[in-house]
Every structure is written in C-alpha cells, then in structure tokens.
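# An overview of the molecular structure
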Amino acid sequence: MIENYDAVDNPEQKLALDCIIGGIHASEPATVIDERLSLDGTEMVIDDVRYDLAEYDDIILVGGGNAAATVARELEAVLRDRLDSGVVVTDNPVETERIDVLPGDHPVPSERGVESTRTLLEITESAGASDLVIVVVTGGGSALMPAPAEGIDLSDLQTTTERLLECGADIGEINAVRKHCSDIKGGQLAGAATPATVVGFVFSDVVGNHLDVIASGPLTADESTFADALDVINRYDVDVPDAVRIRLQRGIDGAYPETPSPGESPFESVRQHVLADGNTALKKAAEVAREAGYEPLILSSRIRGEAQEVAKTLVGIAEETADTGNPVEPPAVILSGGETTVTLHGDGTGGPNQEFVLSAALQLTEPGITVASVDTDGIDGASEAAGGIVSPEAVGPIIEARTALRDNDAGGFLSRHGGQIITGPTATNVNDLRVFIVSEQ
C-alpha cells in the first residue's frame, strides 16, 4: 500500500506505517461490509435491522464519493441478483457487474462530474413507491456529485470550491455553502427518491459523523440556510463569483426554496447506517500497536483546527508521555483522528496532514518520538501524497523546514527529504489518522 515501505529500516517509522496500513485496511468496504452486512434468505441485515428485499419490485443502487465504486462492488457480492441496477460517481473506479461506475473529480468538481450526477438523478427519480433505493455516501461526495443550482454554472462552483478550501473554514461551513448551490445536496437526493424506500450506507469522513455534513448530506434534512451560507462567505472574506453571492442573497429574499428541513416528508422513508468512520481506523491502529508491544492511547477521533496549532498541542502530549509517563507509559503509540485545516498564505504544495507532520517535527524537543499523519483516502489536500512521516532527528535543514511551513510547502519539503507517505487513492475515506510513536528511553 505504501510506496517505498520495504526501504524503511527504522523500527519506529515502520510501526507508524503499520498502524496506518492497519487503520486503512480496517476501514475498507471489503472489510466493513463483510463484518456488518449479510443476506439472510431474502432479508438484508445491517445493525440488526432487516429489510425484506422480496417486498420491493426493483432495488436500485446510487451514490458517490471516493470509495463509492468499491462499496458498490462489495454490495453486489452480497446482494447478487437481487440488485437490479444503479450508478455511482467516483474518481476511484473499479470493475462492477450491475452498477454503472461514472467519472467525477475531487476536490474540485468537473464537467464530467456534472454529467454523471445528472444521470444519477435521473435514475433516482425513476424509482417508484414499491422500489428500494440503496444510496452509497462516502467522503468526497460533495465534489464528485456536483449539480449546479439555478443561477450558477460549473465554473462558479469550481471557483467557489477552490476558495473555500483555501480560506480555513471547516467542512461544515464549506458544505453549508455547497448545499445552497446544488440540486442534490442538503437532503435533495432524498426528495428525488420519493416515494421509494431509501437506505443509506455511509462511510464517514466528518468529525462526529454528522450526516448532514458527510458529502453535504444528500439524504439528510438540512438545518443550515441561505443566510448561514452567505455568513460563511462574509466571515471568511471569500471572493466568490457574483452568481454565487446573488443566488445566496436571492435565497435569503425568498426567491429560492430552502433545502429540505427536519420533519419534511422526503425523510419519512429514509434510514441511514454509518458503516465506517474515524474510530474504525483508530481501533485497528491501536490493535497493531499493542501487538507490537506498545501501549496504545486513542486521544480522540474528533480533533480539528488549524494544522500547525493542533500539532503543537499533540506534540505536548507526546513529550509529556516521553518525559513522565503521562498519560501513557512508553513505549507507547498515541493515536488521533479528525480533520485539520490550513489557511493558505503561500503557494507551495502539500495538505493539512503534511503541514501537521512538519509543524510537529519542528516543535518536538524530546528524542525518540516519530510522528506520522495521513488522510485515509490517500489524498492530502490537493497533493499526490497521503501525508507525511518524520522524527526530529531526520527533519532536515531547520531553516528550510521553517520556510516551507511559512509558504505552505510542507509537501515540497517532505518530498525532498524522504518524508512523504504515498499510497495512491485508497478504497476508503474516514478522515485523518495521526500516529505518534514514543519509544522507551
């Protein structure tokens, strides 16, 4: 899974990579669906909930996200000929038998993504009251399933997405804007599926598993408003195209309906199941650490904030562990998940995980601590790397490292000094996975 893994001879770095590999594998659809979903006669069983597939005329599968095609393939393996047809939109295609895999792009939406999403909506709208619509929702779905709303076009969405990703807003704030510029997000896919029965299978890349935020909540009632979306634009001083600002203001004025809110009819026949999230990866990473003779400590799956600032806090915990044995006795592996952000000031390469790693390495003063961090989908920001790994002894030239951090060029620095983790696109997306290896002194 990891490029140049066999070339790593440092045991602490090898363990950090093993924790990452274990966490990603545990979150993959093949693993998760095998553990969580089964077919008992004509009944699909998930979380002790039973759906009698014999009650439906047609069973249609739709959805999108980085892992959507892989999920579709695994669902085909379980449901077999009970699954009639469907379409998913992804940037990570795999071969399927019954489901059409259509292209899209991430993290910035594309024309082919728009065309694919139109097809997805047409199939969803064709479902009747006696049909079952299975919807796959995974991380990356917001960009991969673009459906520009009235008054805006794809270029408006592309520019808005790029500038939102650069401004430091969190994913909930970013998706509040996306929902109000879309015909599929913010519960609108549930409306398109009405009057069919809808079952959502969700792979969460959002802190707290908020269903209204994951892939911008296509099946979930939306409590955000046009006013909330415009507030994000104003608060972060985002220079969006005029068409976007005009649409949001017209929505506030009542010219466009708000996204479906809690209690409305589209959601009466919708049930969603979160199959994997950040804790799925963290628990497996902890198991890998324990098997290697290290004491694991999972801090939280919900850590967020500016990458450089989060690094300072977690470095403090790792250093305390090394120095005093609190909150865990070395040798230890300290694990966390969540999603950090980066406010861009420079024009370098990288992403939040690489920026976190480089910032942490510059902060560390205790010897014997290795830090690694990846985005479990294999794509850190707009980078080709999943993340980075480094120890203070191997951080490289300090002045160069500080300059790279200032210029948001953590990716460039780590690439030059052998600190990038490259996996390529993975078969999952459950947010970030951070690992501190604290050796016994």
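Conventions adopted
Residues numbered from 1 in each chain as written. Predicted model: local features only at pLDDT ≥ 70, side-chain atom pairs only at ≥ 80, totals over all residues. Heavy atoms only, no water. Helix = DSSP H or I, 4+ residues; strand = E, 2+ residues; numbered from the N terminus. Rg over C-alpha atoms; globule rule 2.2 N^0.38 Å. Areas by Shrake-Rupley, 256 points an atom, 1.4 Å probe, with all protein chains shown as cover. Lys, Arg positive; Asp, Glu negative; His and termini not counted. Charge placed at Lys NZ, Arg CZ, Asp CG, Glu CD. Salt bridge = Lys/Arg side-chain N within 4 Å of Asp/Glu carboxyl O. Buried < 20%, exposed > 50% of the residue type's maximum accessible area, 1.4 Å probe, protein only. Patch = residues over 30% accessible without salt bridge, like charges linked within 9 Å, V, L, I, M, F, W, Y side chains within 5 Å. Axes fitted to C-alpha atoms, helices over the stretch in contact; angles between N-to-C directions. Parallel < 35°, antiparallel > 145°, perpendicular 65-115°, else oblique. Left-handed = near helix turned anticlockwise from the far one by under 90°. Contact = heavy atoms within 4.5 Å. Nonpolar A, V, L, I, M, F, W, Y, C, P; charged D, E, K, R; others polar. Expected span 1.5 Å × (residues − 1). Polar contact = N/O pair within 3.5 Å; in protein donor to acceptor, adjacent residues only side chain to side chain. Pairing = 2+ DSSP bridges. Core = buried A, V, L, I, M, F, W, Y, C linked by side-chain atoms within 4.5 Å. Phe/Tyr/Trp six-rings, centres within 6.5 Å; stacked < 30°, edge-to-face > 60°. Lys NZ or Arg CZ within 6 Å of the ring centre and 35° of its normal.

### Let's talk about the overall build of the protein chain
- Helix and strand counts for the protein chain stand at 15 helices and 15 strands.
- On C-alpha atoms alone, the protein chain measures out to a radius of gyration of 22 Å, which is about the 22 Å that the 2.2 N^0.38 rule sets for 441 residues.
- Expressed as lengths along the three principal axes of its C-alpha atoms, the size of the protein chain is roughly 65 × 55 × 35 Å.
- Here the protein chain displays about 17100 Å² of accessible surface, and carbon together with sulfur accounts for 44% of that area.
- In the protein chain, 28 side chains carry a positive charge and 75 a negative one; their mean positions are 1 Å apart.

### Observations concerning the pattern of salt bridges
- Taken as a whole and assessed by the stated rule, the structure comprises 16 salt bridges.
- Between Asp 40 and Arg 50 there is a salt bridge; the shortest N-O distance is 3.0 Å. With Asp 40 in strand 1 (residues 37–40) and Arg 50 in strand 3 (residues 49–52), this residue pair connects regions lying ten residues apart in the sequence.
- For Asp 40, a relative accessible area of 42% puts it in the partly exposed group.
- Put simply, Asp 105 and Arg 112 hold a salt bridge, and the shortest N to O gap is 2.8 Å.
- Of the residues examined, Asp 105 reaches a relative accessible area of 25% and is grouped as partly exposed.
- Exposure remark for Arg 112: the relative accessible area of 43% places this residue in the partly exposed category.
- Salt bridges here are not isolated pairs; linked through shared partners, they connect Asp 40, Glu 43 and Arg 50.

### Regarding the environment of Pro 266
- Turning to its location among the elements, Pro 266 is positioned in the loop between helix 10 (242–252) and strand 9 (270–276).
- Between the alpha carbons of Pro 266 and Ser 415 there is a distance of 48 Å; along the sequence they are 149 residues apart.

### Some points on a negative patch on the surface
- Together, Asp 57, Asp 58, Asp 81 and Asp 84 make up a negatively charged patch on the protein surface.
- Among the secondary structure elements, Asp 84 is positioned in the loop between helix 3 (68–79) and strand 5 (85–90).

### Some words on the packing of helix 13 (residues 352–363) against helix 14 (residues 398–406)
- Running from N to C, helix 13 and helix 14 cross one another at 140°; their axes reach a closest spacing of 10 Å. If you check the angle between helix 13 and helix 14, you find them oblique. As helix 13 packs across helix 14, the resulting crossing turns out to be left-handed. Packed against helix 13, whose contacting residues are Glu 355, Leu 358, Ser 359 and Leu 362, the element helix 14 presents Ile 398, Ala 401, Arg 402, Ala 404 and Leu 405 at the interface.
- Broken down by class, the residue content of the contact of helix 13 with helix 14 amounts to six nonpolar, one polar and two charged.

### Remarks on the packing of helix 7 (residues 171–179) against helix 9 (residues 226–235)
- Interhelical geometry of helix 7 versus helix 9 gives an angle of 125° and a closest axis separation of 8 Å. The orientation of helix 7 with respect to helix 9, classified from their angle, is oblique. Judged by the twist between their axes, the crossing of helix 7 over helix 9 is left-handed. Side by side, helix 7 and helix 9 meet where Glu 173, Ala 176 and Val 177 of the first sit next to Ala 229, Val 232, Ile 233 and Arg 235 of the second.
- Residue composition of the contact of helix 7 with helix 9, grouped by class: five nonpolar, no polar and two charged.

### Remarks on the side chain of Ser 116
- Inspection of the secondary structure assignment puts Ser 116 in helix 4 (residues 111–125).
- Taking relative accessible area as the criterion, Ser 116 reaches 4% and is therefore assigned buried.
- Those residues in contact with Ser 116 that sit more than four places away from it in its chain are Val 89, Leu 102 and Pro 103.

### What about helix 1 (residues 11–26)?
- Taking 1.5 Å of rise per residue, 16 residues should cover 22 Å, and helix 1 covers 22 Å from first to last C-alpha, within 8% of that figure.
- The buried count for helix 1 comes to twelve of 16 residues, which makes it a mostly enclosed element.
- The set of residues buried in helix 1 consists of Glu 12, Gln 13, Leu 15, Ala 16, Leu 17, Cys 19, Ile 20, Ile 21, Gly 22, Gly 23, Ile 24 and Ala 26.
- Backbone nitrogen of Glu 12 and a side-chain oxygen of the N-cap are separated by 2.9 Å at the start of helix 1; the cap is Asn 10.

### Here's the deal with the sheet that holds strand 15 (residues 432–438)
- Strands sit in the order 10-11-15-12-13-14 across an open sheet of six strands; the sheet is mixed. Among the strands making up the open sheet, the edge pair consists of strand 10 (295–306) and strand 14 (420–421).
- Pairing between strand 10 and strand 11 (residues 332–341): nine bridges, direction parallel. Bridging from a neighbouring strand, Ile 303 pairs with Gly 338 of strand 11.
- Set on the sheet, helix 1 makes contact with strand 11, strand 12 (369–375), strand 13 (387–390), strand 14 and strand 15; between it and strand 15 the angle comes to about 150°.

### Structural notes on helix 7
- Within helix 7, seven of the nine residues are buried, which leaves the element mostly enclosed by the surrounding structure.
- Taken residue by residue, helix 7 has Glu 173, Ile 174, Asn 175, Ala 176, Val 177, Arg 178 and Lys 179 as its buried positions.
- If you follow the buried residues of helix 7, they end up packed against helix 5 (141–144), helix 6 (154–166), helix 8 (188–193) and helix 9.
- Capping the start of helix 7, Asp 170 holds a side-chain oxygen 3.0 Å from the backbone nitrogen of Gly 172, two or three residues further along.

### Some points on the nonpolar core
- Ranked by internal contacts, the top residues of the largest apolar core, which has 32 residues, are Leu 37, Met 44, Leu 61, Leu 75, Ile 134 and Phe 201.
- Aside from chain neighbours lying at most four places away, what touches Leu 75 is Ile 33, Leu 37, Leu 61, Arg 80, Ile 134, Val 136 and Phe 201.
- Grouped together as the second largest cluster of nonpolar side chains are 30 residues, Ala 322, Ala 332, Phe 356 and Leu 414 included.

### Let's talk about the packing of aromatic side chains
- Taken as a whole and judged by the stated rule, the model has one aromatic pair.
- Here Arg 247 stacks its cationic end above the ring of Tyr 256, 4.2 Å away from the centre of that ring.
- Over the ring of Phe 356 we find Arg 434; its NZ or CZ atom is 5.6 Å from the centre of that ring.

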